[in-house]
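The chain contents come next:
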Amino acid sequence: MAAKIVIGLDGTDTGERALAFAKDLASRMDVCELLVAYVIEWSPFTFQTAEENERRHKRREEEIALATSRIVDPAVAKLKEAGFAATGLVRHGDVAETLNRLSNENGATQIVVGRASSDGFTKRLFGSSTQNLVMHADVPVTVVG
Amino acid sequence: MNRFQNTWLISAALLSMSAPVAAQEALSIDQKVNQAFATATGPFVNLIFAPFPGTSFPWIVMWLVIAATIFTLYFGFVQLRYFAHAIQLVKGEYTDPDDAGEVSHFQALATALSGTVGLGNIAGVAVAVGIGGPGATFWMILAGLLGMASKFTECTLGVKYRNEYEDGTVSGGPMYYISKGFNELGLPGGKILAVVFSIFCILGALGGGNMFQANQAHAQISGIVGDYPGWITGLIFAVVVFAVIVGGIKSIANVTEKVVPFMGILYVVAALIILLVNFNMIGWAFGQIFAGAFTGLGVAGGMVGALIQGFKRAAFSNEAGVGSAAIAHSAVKTKEPITEGFVSLLEPLIDTVVICTMTALVIIISQQLIVDEATGRYMLNEAGTAIATVDGNSGVALTSAAFASGISWFPYVLAVAVVLFAFSTMISWSYYGLKAWTYLFGEGKTSEMTFKLIFCVFVVIGAAASLGPVIDFSDAAIFAMAVVNIFCLYFLMKIVRKELASYSARLESGEIKKYSH
């Protein structure tokens, strides 16, 4: 069975480095599939106006289209060009939880992510998505600096 | 109507000419607005609150309570049987993780709540207890519990018959389920009833969803900074509301939506603190509530007076049976319309049974209502219309004084809460009103702008007019919605029962499963 690696992108430079690392890792294996994932941070427990709710479905589609065209598709194209078997996914949700769920659903053996790009108060209070992922993931996680 | 419009035009002209008008002149503007408004709305109010022949009991109050009772029985006490399931739904236990990013049950509930948790909970309850005595609380809670079933019925239908447009946006509410549902059942008149509902919904949006809020926000602010003309508060509110609904300045609405829930929690916590400090009186307070519920303890109208006030304020506060919540709830993402019905039944519980009861208990415990020591009955004010209070307060001022007796600085917090609640309720109702408006006049920039401008004008009128006529019109308009909505729900409830039977069977068989998150 082919090894599968989930690469969590966040649209920043560290995501790019995570991608490069995963490529390097995959090139050392016989058969390896790469799953490029971008998670749009979203919580079902926020407060919204009725108007926002009315347009939410449309907005979600737009968000997914944007993330797919700007981040995931280019990354997948680059991987394919380099000769790897690669697919892409965009999901909404808590970043750490969703990456872990995607890796479980797809039978991945490893998750590669960039180090936390957020800083400051929120990170101190809640920890970063990367920290949460490292602590709760069901498969090994590689954090690329 | 002409006289009303003329007065408004004159007022508007005066406003634009010179802002620092002398106080005396400004007062006369308030008075003129008030007078014109009372005259214009009188007949409508009288019709809605007409008593049963030979009694003083308004038929509309019975209409709401009988409906809530029928729905409760028809759906086999759905509010008890599916209460736990409703909580699980809100927690997202039955939500497909792949639907993440869509409107969740929690969000739909929170949005609907921010429309209903408003001044009804703070000022409305004070009106009820002030006129109907502590006993009104009992009837209010009972109406709240029964109202959960009305809410369940209308919100299930709201989701089931919403319009989903090609671009993915949704529009729902009674006007849609009335016209589509009647059509489906082969009943005539659906379209006409939907139009009538929409007209009342626009009036409700301008009344309870707007004028009452502006009016009581002004009462609270002027209670703290001293008396000043109402139209000034109205104008400021109107400008901010205008900025949000016309100018599209989302940040103001977004901030409000985020702050309001915390204000709600803060309000309940403050009430709990006052109750804890006076815990030895809680038993007495409940005693007053029960005794008052069945005897009236001397209030105007006795037991019936207490009952009318309690039922009226519960309906006004949680809007069960009115149909407004069906508009707010219909944006949820779910394959099962009935799940939103379950979720929505939490609304009257939070709104009426928890928040309104807190207000009532604080007012009773703070002993703002004057009791005749000799008889143990409440003393009436000079006019004999309401219970005499320590400082002669009524409405939001009474709630404020009650809280101040426990936490002296709380009126300042309450002022902020009142302004925010008023504002968020206005924004919600501007949306409900707009949905009804576009149902009647079609979607389009000019049509929408017309409604939004009318809405802003009514903010100023609401703040300038005095409480009496405003509250009468607000109640009447909101109850008029309920007349049409409930009438239609009687025909449509069998659709909901079918949904309920199918859903509960699949829930039991395990076809509807929890998702592991």
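Let us look at the structure shown here. Just so it is clear, the structure is predicted and the values come from calculations on it, not from any experiment.

## Some words on helix α20 (residues 445-464) of chain B
Here is step 1: The terminal C-alpha atoms of α20 of chain B lie 29 Å apart, and with 20 residues this matches the ideal 28 Å at 1.5 Å per residue to within 8%.
Here is step 2: Residues Ser447, Phe451, Lys452, Phe455, Cys456, Phe458, Val459, Val460, Ile461, Gly462, Ala463 and Ala464 of chain B constitute the buried set of α20 of chain B.

## Here we look at the pairing of strand β4 (residues 110-114) of chain A
Residues and elements named next belong to chain A.
Here is step 1: Within β4, five of the five residues are buried, leaving the element largely enclosed by the surrounding structure.
Here is step 2: For strand β1 (residues 3-9) and β4, the ladder comprises four bridges, and the chain directions are parallel. Its bridge partner lying in β4, isoleucine 5 is registered against glutamine 110.

## Here we look at the interface of chain A and chain B
Here is step 1: The interface of chain A with chain B comprises 21 residues on the first partner and 27 residues on the second.
Here is step 2: When chain A packs against chain B, close to 2500 Å² is buried across both sides, 57% of that on carbon and sulfur atoms.
Here is step 3: When the buried area of chain A at its contact with chain B is split by residue, Phe47, Asn53 and Glu54 of chain A rank highest and sum to 29% of it.
Here is step 4: Across the pair arginine 101 of chain A and aspartate 98 of chain B runs a salt bridge, and its minimum N-O distance is 3.6 Å.
Here is step 5: Taken together, chain A and chain B are joined by 13 residue pairs in polar contact (both at pLDDT 80 or more).
Here is step 6: The element contributing the most residues to the side of chain A that touches chain B is helix α2 (residues 50-81) of chain A, with ten residues.

## Here we look at a nonpolar patch on the surface
Here is step 1: Side chains of Phe262, Ile265, Val269, Ile273 and Val277 of chain B sit close together on the surface and give an oily, nonpolar patch of about 480 Å² of accessible area.
Here is step 2: Here valine 269 of chain B lies in helix α12 (residues 250-277).

## Examining the packing of helix α13 (residues 282-295) of chain B against helix α14 (residues 302-318) of chain B
All names here are of chain B.
Here is step 1: At a minimum axis distance of 6 Å, the contact between α13 and α14 shows a crossing angle of 110 degrees. With respect to their mutual orientation, α13 and α14 come out roughly perpendicular. Residues Gly292, Ala293, Phe294 and Thr295 of α13 form the contact with α14, whose participating residues are Gly302, Met303 and Ala306.

What counts and what doesn't
- Residues numbered from 1 in each chain as written.
- Chains lettered and ligands numbered in written order.
- Predicted model: local features only at pLDDT ≥ 70, side-chain atom pairs only at ≥ 80, totals over all residues.
- Heavy atoms only, no water.
- Helix = DSSP H or I, 4+ residues; strand = E, 2+ residues; numbered from the N terminus.
- Expected span 1.5 Å × (residues − 1).
- Buried < 20%, exposed > 50% of the residue type's maximum accessible area, 1.4 Å probe, protein only.
- Pairing = 2+ DSSP bridges.
- Contact = heavy atoms within 4.5 Å.
- Buried area = accessible area lost by both parts, 1.4 Å probe.
- Salt bridge = Lys/Arg side-chain N within 4 Å of Asp/Glu carboxyl O.
- Polar contact = N/O pair within 3.5 Å; in protein donor to acceptor, adjacent residues only side chain to side chain.
- Patch = residues over 30% accessible without salt bridge, like charges linked within 9 Å, V, L, I, M, F, W, Y side chains within 5 Å.
- Areas by Shrake-Rupley, 256 points an atom, 1.4 Å probe, with all protein chains shown as cover.
- Axes fitted to C-alpha atoms, helices over the stretch in contact; angles between N-to-C directions.
- Parallel < 35°, antiparallel > 145°, perpendicular 65-115°, else oblique.

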